[in-house]
Amino acid sequence: MRKSLEKYYRIDKLPHIWCPGCGHGIITGAVVRAIDNLKLDKDKICIVSGIGCSSRAPGYLNFNTLHTTHGRALAFATGIKLARPDLKVIVLTGDGDCTAIGGNHFIHACRRNIDITTVVFNNSIYGMTSGQYSPMTPLGAYATTAPYGNIDRNFDLCKLAQASGATYVARGTVYHVPQLIKIIEKALQHKGFSVVETLSICPTYFGRKNKLGSPVKMMEMLRDNSITVKAAEKMPREEMVNKIVIGEFFEENAPEYTEEYMKIIQRAQGEE
Amino acid sequence: MSEKNFEIKINEKACKRCGICIAFCPKKVFSSENDKPVVVNPDACTKCKLCEIRCPDFAIVVGGDDDDDK
Ligand SMILES: Cc1ncc(C[n+]2csc(CCOP(=O)(O)OP(=O)(O)O)c2C)c(N)n1
Ligand code: SF4
Ligand code: SF4
Ligand code: SF4
Ligand SMILES: [Mg+2]
């Protein structure tokens with residue numbers, strides 16, 4: 001590890017438990033580099049997660065961290081942010097954690113526009129519990145619980161986030177890491193609820209169930225199937241099937257929840 | 001690049017031999033020895049650091065430990 005980054009990790013907890021070639025380590029590294037690039041005070045950051053392989057990430061990170069219960073990272077993070085609005089609160093969550101059991105917390109955190117940055121580690125499956133489909137598993141893909149192929153359509157998480165009220169929405173992948181770091185930097189600097197969906201790879205379950213081959217092959221798929229938001233705008237609909245659109249989708253300034261809440265407290269206390 | 005203290009360091013203990021660095025180095029700096037990445041072509045390295053930022057196990061440092069340019 002690069003010496004200048006060591007302070008951000010709990011070195012004694014490494015190596016991490018993730019499988020060889022698991023994309024979650026790449027996302028974790030990108031989050032750390034984004035924080036380092038922005039020179040944020042690491043003691044003023046709180047990183048919160050739920051349950052899953054992805055949600056193990058904060059355990060390796062030397063910040064204020066909280067590993068909570070499945071799906072509830074955003075509920076805990078909301079409490080932290082309201083109690084300590086001075087902290088930068090970051091949620092690291094999986095596709096299952098965020099969109100299945102935690103789906104309701106997610107849409108309401110978006111709606112409130114609370115100043116939290118959420119990075120979703122989307123490997124299209126429940127990795128930790130050995131490969132059940134999640135609401136992000138693509139139509140037709142195989143999973144332990146979809147031995148004949150998944151008949152459920154997956155969410156478009158970025159569209160869901162934007163429609164629910166998130167004020168910064170972007171998507172990256174573990175192949176396009178320089179772009180991912182930049183997107184996370186933008187999300188961290190944004191005031192309001194920011195969402196960075198990151199396509200990760202789970203060679204052990206999603207890869208194996210869908211016969212996708214090695215981590216290298218899965219990375220090649222991310223490389224070959226991704227197109228930028230700009231290119232997607234010009235592409236005919238038929239050609240968009242199975243394409244991963246990456247980049248920034250949405251950014252807007254809107255009233256932020258903790259600030260609005262403070263105003264209410266002041267009004268209630270007659271300090272207006 | 002052949003600056004004096006330039007180095008591509010791979011922490012063998014941390015490496016899980018996923019092959020990502022070997023496959024995606026634009027300059028084919030690494031080769032695979034029983035899945036283990038070995039630096040075979042350091043002079044071709046452009047210091048793009050893609051291998052470093054894509055390593056899932058934080059096992060690569062490009063430019064030597066003290067190199068701090070981003
Ligand atoms: C209340 C509750 N329900 C179910 C589980 C079992 N469980 C643990 S992790 C997980 C899914 C994790 O999937 P995801 O968030 O996509 O993370 P990944 O492991 O893929 O990174 C489930 C269902 C649990 N721990 N708690
Ligand atoms: S099971 Fe999948 S998500 Fe979990 S550590 Fe292994 S590769 Fe990563
Ligand atoms: S990317 Fe990292 S873990 Fe994978 S083979 Fe290279 S050094 Fe080893
Ligand atoms: S820094 Fe770039 S060119 Fe050099 S070894 Fe790494 S990927 Fe290859
Ligand atoms: Mg998952």
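Predicted model only: the values in this text are computed from it and were never measured. (Residues numbered from 1 in each chain as written. Chains lettered and ligands numbered in written order. Predicted model: local features only at pLDDT ≥ 70, side-chain atom pairs only at ≥ 80, totals over all residues. Heavy atoms only, no water.)

Visitor: Outline the overall build of chain B, supporting the account with residue identities and numerical values.
Guide: Looking only at helices and strands, chain B features two helices and four strands. When the helices and strands of chain B are read in sequence order from the N terminus, they spell out β-α-β-β-α-β. Classification of the 70 residues of chain B by burial places 50% in the buried group. Relative to all contacts within chain B whose residues are 6 or more apart in sequence, the contacts with residues 24 or more apart total 48%. Element-wise, carbon and sulfur atoms account for 46% of the exposed surface of chain B, whose accessible area totals about 3,800 Å². (Helix = DSSP H or I, 4+ residues; strand = E, 2+ residues; numbered from the N terminus. Buried < 20%, exposed > 50% of the residue type's maximum accessible area, 1.4 Å probe, protein only. Contact = heavy atoms within 4.5 Å. Areas by Shrake-Rupley, 256 points an atom, 1.4 Å probe, with all protein chains shown as cover.)

Visitor: I'd love a proper account of the site of ligand 1, names of residues and values included.
Guide: Residues and elements named next belong to chain A. Taken together, 17 residues lie near ligand 1, and Cys53, Ser54, Gly96, Asp97 and Gly127 sit nearest. At 2.8 Å from an oxygen atom of ligand 1 is found a main-chain nitrogen or oxygen belonging to cysteine 53. Between ligand 1 and serine 54 there is a distance of 2.7 Å, counted from an oxygen atom to a side-chain nitrogen or oxygen. For ligand 1, whose free accessible area comes to 590 Å², the fraction covered by protein is 74%. For the shell around ligand 1, the element with the most residues is helix H3 (residues 95–101), which contributes four residues. Tallied by class, residues from the shell around ligand 1 come to six nonpolar, nine polar and two charged. (Near = heavy atom within 4 Å. Polar contact = N/O pair within 3.5 Å; in protein donor to acceptor, adjacent residues only side chain to side chain. Nonpolar A, V, L, I, M, F, W, Y, C, P; charged D, E, K, R; others polar.)

Visitor: Break down a nonpolar patch on the surface for me, citing the residues and quoting the values.
Guide: A cluster of nonpolar residues, Tyr261, Met262 and Ile265 of chain A, forms a patch on the protein surface that exposes about 250 Å² of accessible area. Checked against the element boundaries, tyrosine 261 of chain A lands in helix H10 (residues 257–268). (Patch = residues over 30% accessible without salt bridge, like charges linked within 9 Å, V, L, I, M, F, W, Y side chains within 5 Å. Salt bridge = Lys/Arg side-chain N within 4 Å of Asp/Glu carboxyl O.)

Visitor: Describe in detail the interface of chain B and chain A, supporting the description with residues and values.
Guide: Contacts between the two partners involve 22 residues from chain B and, on the opposite side, 31 residues from chain A. Here chain B meets chain A over a buried area of about 2,200 Å², counting both sides, of which 59% is carbon and sulfur. Three residues, Phe24, Ile53 and Phe58 of chain B, lead the burial of chain B against chain A; their summed loss comes to 32% of the area buried on that side. On the surface where chain B and chain A come into contact, there are two salt bridges. Of the charged contacts, one joins arginine 2 of chain A and glutamate 52 of chain B as a salt bridge, the two residues approaching to 2.7 Å between their closest N and O atoms. Taken together, the links from chain B to chain A amount to nine residue pairs in polar contact (both at pLDDT 80 or more). (Buried area = accessible area lost by both parts, 1.4 Å probe.)

Visitor: A description of the environment of threonine 99 of chain A should follow, citing residues and the corresponding values.
Guide: All names here are of chain A. Residue position: threonine 99 is located in helix H3. When its relative accessible area of 6% is taken as the criterion, threonine 99 is described as buried. Residues threonine 99 and proline 135 lie 36 residues apart in sequence; the distance between their C-alpha atoms is 6.3 Å. Ignoring sequence-local partners within four residues, the contact set of threonine 99 consists of Gly94, Pro135, Met136, Phe155 and Leu157. Engagement of the side chain of threonine 99 in a polar contact is seen with the backbone oxygen of aspartate 95, the distance being 2.6 Å.

Visitor: Hey, could you go over the packing of helix H4 (residues 103–112) of chain A against helix H5 (residues 157–164) of chain A for me, with residue numbers and the actual values?
Guide: Residue and element names in this part refer to chain A. It is the contact of H4 with H5, at a shortest axis distance of 7 Å, that shows an interaxial angle of 50°. By the criterion of interaxial angle, the relationship of H4 to H5 is oblique. Contacts between H4 and H5 involve Phe106, Ile107, Cys110 and Arg111 from the first element and Leu157, Leu160, Ala161 and Ser164 from the second. Partitioned by chemical class, the residues of the contact of H4 with H5 number six nonpolar, one polar and one charged. (Axes fitted to C-alpha atoms, helices over the stretch in contact; angles between N-to-C directions. Parallel < 35°, antiparallel > 145°, perpendicular 65-115°, else oblique.)

Visitor: I'd love a proper account of the nonpolar core, names of residues and values included.
Guide: Counting 56 residues, the largest nonpolar core has Tyr9, Ile35, Leu92, Ile184 and Met219 of chain A as the members making the most contacts within it. One finds Cys46, Leu74, Ile80 and Cys110 of chain A within the second-largest nonpolar core, a separate group that totals 24 residues. (Core = buried A, V, L, I, M, F, W, Y, C linked by side-chain atoms within 4.5 Å.)

Visitor: Before we move on, can you summarise the coordination of the magnesium ion (ligand 5) with the specific residues and values?
Guide: All names here are of chain A. Here the magnesium ion (ligand 5) is held by the protein donor atoms Asp95 (OD), Asn123 (OD1) and Ile125 (O), which lie 2.1 Å from it. When the donor residues of the magnesium ion (ligand 5) are listed from N- to C-terminus, their spacing reads D-x27-N-x1-I. With a relative accessible area of 6%, asparagine 123 lands in the buried category. Of the residues examined, isoleucine 125 reaches a relative accessible area of 2% and is grouped as buried. (Donors = N, O, S within 2.8 Å, 3.2 Å for Na, K, Ca; no water.)

Visitor: Explain the site of ligand 2 to me, and be specific about the residues and the numbers.
Guide: Residue and element names in this part refer to chain A. Around ligand 2 sit Trp18, Cys19, Cys22, His24, Cys53, Asn123, Gly127, Cys202, Pro203, Thr204 and Tyr205, and that is every residue in its neighbourhood. Per-element tally for the shell around ligand 2: the top contributor is helix H7 (residues 203–209), with three residues. Here the shell around ligand 2 is composed, by residue class, of seven nonpolar, four polar and no charged.

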